Amino acid sequence: MHGYVFSCNNSLKEVQKIGVSENEPIGVAENINLKHTDSGRVTANLISTKMLDYSNRDFPYNEFVDGLTLYLYDDKNQKSTIVADYAIIYAETDLIDLQGNVVITTQDGNILKSDQLFYDQKRNGYLPIMRLHFKPKRTLFMVTDLTLTLNSPKPKY
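Residues numbered from 1 in each chain as written. Predicted model: local features only at pLDDT ≥ 70, side-chain atom pairs only at ≥ 80, totals over all residues. Heavy atoms only, no water.

Student: Describe the environment of Leu-34, naming the residues involved and giving the relevant values.
Tutor: Within the secondary structure, Leu-34 is located in strand β1 (residues 27-38). According to the relative accessible area criterion, Leu-34 is partly exposed, its value standing at 39%. Sequence separation of Leu-34 and Ile-47 is 13 residues, and the distance between their C-alpha atoms is 6.5 Å. (Helix = DSSP H or I, 4+ residues; strand = E, 2+ residues; numbered from the N terminus. Buried < 20%, exposed > 50% of the residue type's maximum accessible area, 1.4 Å probe, protein only.)

Student: So, the nonpolar core: which residues are in play, and what are the values?
Tutor: Within the largest apolar cluster, 19 residues are counted, with the highest numbers of intra-cluster contacts made by Leu-46, Phe-64, Leu-68, Leu-70, Leu-72, Ile-82 and Leu-98. Elements with a minimum of two residues in this core: β2 (41-54), β4 (68-73), β5 (79-84), β6 (86-90), β7 (95-105) and β8 (111-120). With four residues, the single largest contributor to this core is β7. Ranked by size, the runner-up nonpolar core spans five residues in total, among them Leu-52, Tyr-54, Tyr-61 and Ile-88. (Core = buried A, V, L, I, M, F, W, Y, C linked by side-chain atoms within 4.5 Å.)

Following this line, the structure appears as structure tokens:
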């Protein structure tokens, strides 16, 4: 009678990397329509045609190579819209890096444009990296080195 005993010492992260090149995503999702709810009410809606999942990395993130549209709803269900050509959501820091033709339209019609913004989900604020244009309904002016805070829910992706 013969017996064999096998042991596996690999961590879950090591097992997840099997068969996946270090430069490749662990998953790809297409035509995403993700809704975040709080107490049964939709507080955010993320829409994108393609998401690359790099959650198997030491510093996990999701990449939106075709851009995204993010709708944020306040307590009165009024919608603000964020659109960007490209985005990365970093899981550990709760930062969203929005790049390329970033446009934020608030529920009251104000428009903010930038080449790149970081959205800090913990602080519910925007950190401009490049030139920032803010267009209220009646005037146009340029602001630099500004952190904006919105009065909206803090959805976490």
